[in-house]
Amino acid sequence: MIQIILLLVVLTSTYALTVASFAWEDLAFGFGLSAVLLATFRRSMLPERLQGPAMTIKAIVMLPVYLVRVIWSIITGTITVAMYVLGLQGLEHPGIVAVPIGERSAGGVAVTSLALTLSPGSFLVEVDWDERLIFVHVIDASDPDAVREELQTMYERYQRHVVP
């Protein structure tokens, strides 16, 4: 229930920010629109089984930690790509690495893919649901096991608590 309320608040706030008005009429209309959207697209907006309140609170607390980690990944990726562009480091082993999906849900795979693509030097190539693999192109694929380990560590320590 708390997830539905949080989603309604987020959707209503997004509407209010979009129309640049927090007048009660706009908030009421935004809430109504949010409720209709949530009722219509519930299956794609929320998981089948909702988490309990403790898990939702943990996700809210861990979200800033996860976002800081993603921002750090973007910063380090930018520095790495800059080193290649400036010729300070030779581009020797770019390539595609297959990363097991593991325990990730469909939403978790989407969040992992987005975080990968935001960071310079890596991007999602394909998700193979049959083989349960995520194919990622990285600027340095000289050690594929290290790439897999880094992505798994990122998931286990940070993302799993926010979007499993």
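See above for the structure.
Residues numbered from 1 in each chain as written. Predicted model: local features only at pLDDT ≥ 70, side-chain atom pairs only at ≥ 80, totals over all residues. Heavy atoms only, no water.

## As for the packing of aromatic side chains
The following threshold applies: Working definition: rings of Phe, Tyr and Trp (its six-membered ring) pair if their centres are within 6.5 Å, and the pair is stacked with planes under 30 degrees apart, edge-to-face with planes over 60 apart, and tilted otherwise. Each helix is a run of DSSP H or I of at least 4 residues and each strand a run of E of at least 2, with the numbering of both proceeding from the N terminus. Any Lys NZ or Arg CZ that is within 6 Å of a ring centre and within 35 degrees of that ring's normal is treated as a charge sitting over the ring.
For the structure on display, the rule yields 1 aromatic pair. With a centroid separation of 5.7 Å and 55° between ring planes, the pair formed by Y15 and F29 is classed as tilted. In this pair, Y15 sits in helix α1 (residues 2–19) while F29 sits in helix α2 (residues 24–40), placing the two residues 14 residues apart along the sequence. Over the ring of Y155 we find R104, and its NZ or CZ is 4.5 Å from the ring centre.

## Notes on the pairing of strand β2 (residues 122–128)
Put simply, the rule reads: DSSP-based pairing: two strands are paired if at least 2 bridges between them are found.
When β2 meets strand β3 (residues 133–138), the two strands line up antiparallel, connected through 6 bridges. Note on β3: the bridge partner recorded for D128 is L133. Where β2 hands over to β3, the hairpin turn is made up of 4 residues, of which R132 adopts a positive phi near 60°.

## Examining the sheet that holds β3
Convention followed: Orientation is described by axes fitted as lines to C-alpha atoms, over the contacting stretch for helices, and by angles from 0 to 180 degrees between their N-to-C directions. Whether two residues touch is decided by their heavy atoms; if any such pair falls within 4.5 Å, the residues are in contact.
Taken together, the 3 strands give an open sheet; going across it, the order is β1-β3-β2, and neighbouring strands pair in antiparallel fashion. Either end of the sheet is taken by a strand with one partner, and the two such strands are β1 (95–100) and β2. The sheet shows a mean angle of 25° between the axes of neighbouring strands, direction not considered. On top of the sheet, helix α5 (residues 106–118) reaches β2 and β3; it is set at about 155° to β2, its chief contact. Sitting on the sheet, helix α6 (residues 144–162) touches β1 and β3, and the angle it makes with β1 is about 45°.

## So, a negative patch on the surface
Our working rule: Surface patches are drawn from residues lacking salt bridges whose relative accessible area is over 30%; two like charges belong together within 9 Å, two nonpolar side chains (Val, Leu, Ile, Met, Phe, Trp, Tyr) within 5 Å. What sets the accessible areas is the Shrake-Rupley method with a 1.4 Å probe; for residues, cover comes only from the shown protein chains. Salt bridges are defined by distance alone: a side-chain nitrogen of Lys or Arg within 4 Å of a carboxyl oxygen of Asp or Glu. Charged-residue counts in this description rest on Lys and Arg as positive and Asp and Glu as negative, His and the chain ends being excluded. The location of each charge is read from NZ of Lys, CZ of Arg, CG of Asp or CD of Glu.
Where like charges cluster on the molecular surface, the negative patch consists of E92, D140, D143 and E149. Structurally, D140 can be placed in the loop between β3 and α6.

## Quick look at the side chain of S113
Test applied: Under the rule applied, a polar contact is a pair of N or O atoms within 3.5 Å (in protein, one hydrogen donor and one hydrogen acceptor; residues adjacent in sequence only if both atoms are side-chain atoms).
With respect to the secondary-structure elements, S113 resides in helix α5. Polar contacts involving the side chain of S113 include one to the main-chain carbonyl oxygen of V109, which spans 2.7 Å.

## A short note on the nonpolar core
Counted only if it meets this: Think of a nonpolar core as a cluster: buried Ala, Val, Leu, Ile, Met, Phe, Trp, Tyr and Cys residues, connected wherever their side-chain atoms sit within 4.5 Å. Under the scheme applied here, a residue whose accessible area is under 20% of the maximum for its type counts as buried, over 50% as exposed, and between as partly exposed, the area being computed with a 1.4 Å probe on protein chains only.
In this structure, V97, V99, I101, V109, L116, I134, V136, V138, A141, V147 and L151 together form the largest nonpolar core, which totals 11 residues. Of the residues forming this core, the biggest block, 3 residues, is contributed by β3. For V136, the residues in contact, after removing those within four places along its chain, are G95, I96, V97, V99, L116, S122, F123, V125 and L151. Membership of the second largest hydrophobic core comes to 6 residues, among which are Y66, V70, A115 and M154.

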